[in-house]
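Residue-level listing of the chains:
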Amino acid sequence: MNDPRVAELLEFVRIPSVSAQSVHAADMERCADWLVAKLCQIGLEAGKEPTPGNPIVLGKTPRDPSKKTVLIYGHYDVQPPEPLELWTSPPFDPEIRDGKIYGRGASDNKGQILAHILGVGEALAEGPLPVNVIFLIEGEEEVGSGHLADFLEKHRAELACDAIAISDTGMAADGYPTLSYALRGIAAMEVRVFGPSHDLHSGIYGGAVANPATAAARLIASLHDSQGRVAIEGFYDDVQPMQPWERKAAAESPVSDQAIAEQAGVSELWGEAGYSSVERIGARPTAEINGIGSGYQGEGSKTVLPAEAFFKVTFRLVANQTPETVLEQARCYFEKHKPPGVRLEIIDGHGGEPFFLNPKGAQGVAACRALEAVFGKKPALTREGGSIPILADFQKILGHPALLLALASPDCRAHSPNENFPVENFFTGIRLNKALLQELAL
Ligand code: BES
Ligand code: MN
């Protein structure tokens, strides 16, 4: 693949901009610098804006007051690549196989945001743009966008816009145009379980001292009831039931249970009784254990009664749940159901509210026109399970819901080993950007 645009994406993916790992601090700066150079190269005025965390990259066309302004958001940070041994080619030494670029961040979000940048670049090379464009590309999305809301507040006037476009979601099916009109919110928590003051001999003390690993396991196991519902008291109180039209749309979704099972590599699906998989993922709240640890992890056996255990949990939220309420409910639940003999330390993590866009509004319709023009098919309207926490702040501070135009393929393996982005989606994304700017100018 000799296309210079692909070479640029490979270069971008090669920078290991892992926001969760402090060893990559210098790579974050390098990645932001790379983007600033790219934005300047296509003819925008661009710079790196410091935050208390990773810098935010801004790129702008000169503001022509007679034109509308479109803000395009993306993120240059990526998830940790581990476990490394499960990658066919190294995560930060990308490789193209069967028309797909394999590397951490290829889909989420480097390929998708670079498609927009190059789309604007090509359009600029052809003549003046139909709209003013602002690129806002942050480096902390994968760790909860902790410094972006503040930045939006401070730069409210500079970032004033008429529409917000984002490609950071997945297509309903391969090559299928998709407008994601709802995303789930998120609330993260870590629970530490403390028992004896030090690791004990499990024969000398076992039976008389509570085991923190067992206590953690009991708390985790009790989080769901036999119907797959989250057992936390009050968890569903604020949940808005799906409307009849949404259940109908979910029933007509091109996403099949079989496709979900195949992508996930499971023989059987599981979830809350009374809902289809598409509904369980897009429209119902969940509790998911993301990490768990305690005791001896090395080779062979070690008869130890560990002093502590921990687990990390995230809740996915739907309208009208809020992260604050759910974290409080979870805290009460864990304290109330904690087995005797251990002590808990509960640490609240990041949070983000659920997102909803009326796809039948003027902007939704314009985005659908652009998708249809490029793909030659009517777009699927989907609710997705992932979260982009800053969307609620975009709505509150900049006054617009985001248009989520998916470019990742359903099997992109975001956050997993062998993340990939089809070269075709990259090129389609470049064309989509140009169509979108035209449609949003109207
Ligand atoms: N691009 C994803 C969000 C996404 C993925 C939305 C698929 C819809 C479908 C984003 O980069 C992401 O992974 N966000 C995190 C946010 C969290 C770390 C605060 C997520 O959803 O886990
Ligand atoms: Mn992403």
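Here, every reference points to the structure presented above.
Here is what the cut-offs are and how they apply
Residues numbered from 1 in each chain as written. Chains lettered and ligands numbered in written order. Predicted model: local features only at pLDDT ≥ 70, side-chain atom pairs only at ≥ 80, totals over all residues. Heavy atoms only, no water. Helix = DSSP H or I, 4+ residues; strand = E, 2+ residues; numbered from the N terminus. Rg over C-alpha atoms; globule rule 2.2 N^0.38 Å. Buried < 20%, exposed > 50% of the residue type's maximum accessible area, 1.4 Å probe, protein only. Contact = heavy atoms within 4.5 Å. Axes fitted to C-alpha atoms, helices over the stretch in contact; angles between N-to-C directions. Parallel < 35°, antiparallel > 145°, perpendicular 65-115°, else oblique. Left-handed = near helix turned anticlockwise from the far one by under 90°. Nonpolar A, V, L, I, M, F, W, Y, C, P; charged D, E, K, R; others polar. Pairing = 2+ DSSP bridges.

*Asks:* Where do I start with the overall build of the chain in this structure?
*Replies:* Each helix and strand in the chain was counted, giving twelve helices and 18 strands. In terms of C-alpha radius of gyration, the chain reaches 23 Å, essentially the compact-globule figure of 22 Å for 442 residues. Once the C-alpha set of the chain is aligned to its principal axes, its extents read approximately 80 × 50 × 45 Å. The buried share among the 442 residues of the chain stands at 52%. Across the chain, every contact between residues at least 6 apart in sequence was considered, and the portion connecting residues at least 24 apart equals 79%.

*Asks:* Help me understand the packing of helix α1 (residues 4-14) against helix α3 (residues 106-126), please; the structure alone is not making it clear to me.
*Replies:* Two packed helices can be described by the angle between their axes and the distance between those axes. α3 packs onto α1 with a crossing angle of 140 degrees between their chain directions and a minimal axis gap of 10 Å. Our classification of the angle between α1 and α3 gives oblique. Between α1 and α3 lies a crossing whose hand is right-handed. For the pair formed by α1 and α3, the contact residues are R5, E8, L9, F12 and V13 on the first element and A106, K110, G111, I113, L114, L118 and E122 on the second. In terms of residue class, the contact of α1 with α3 is made up of seven nonpolar, one polar and four charged.

*Asks:* Hey, could you run me through the sheet that holds strand β11 (residues 286-294) in this one?
*Replies:* Sheet strands pair by backbone hydrogen bonding; their relative direction is either parallel or antiparallel. Reading across the sheet, the four strands line up as β11-β13-β9-β14 and stay open at both edges, with antiparallel pairing between neighbours. The open sheet has two free edges, formed respectively by β11 and β14 (343-352), since each of these has just one partner strand. Averaged over all pairs of adjacent strands, the angle between their axes in this sheet comes to 15 degrees, without regard to strand direction. Summarising the sheet, β11 and strand β13 (residues 308-317) pair through eight bridges and their orientation is antiparallel. Bridging from a neighbouring strand, G291 pairs with K312 of β13. Here helix α5 (residues 212-221) sits on the sheet and contacts β9 (185-194), β11, β13 and β14; the angle it forms with β13, its principal contact strand, is near 15 degrees. Across the sheet, helix α9 (residues 323-337) is in contact with β9, β13 and β14; its angle to β14 comes to roughly 165 degrees.

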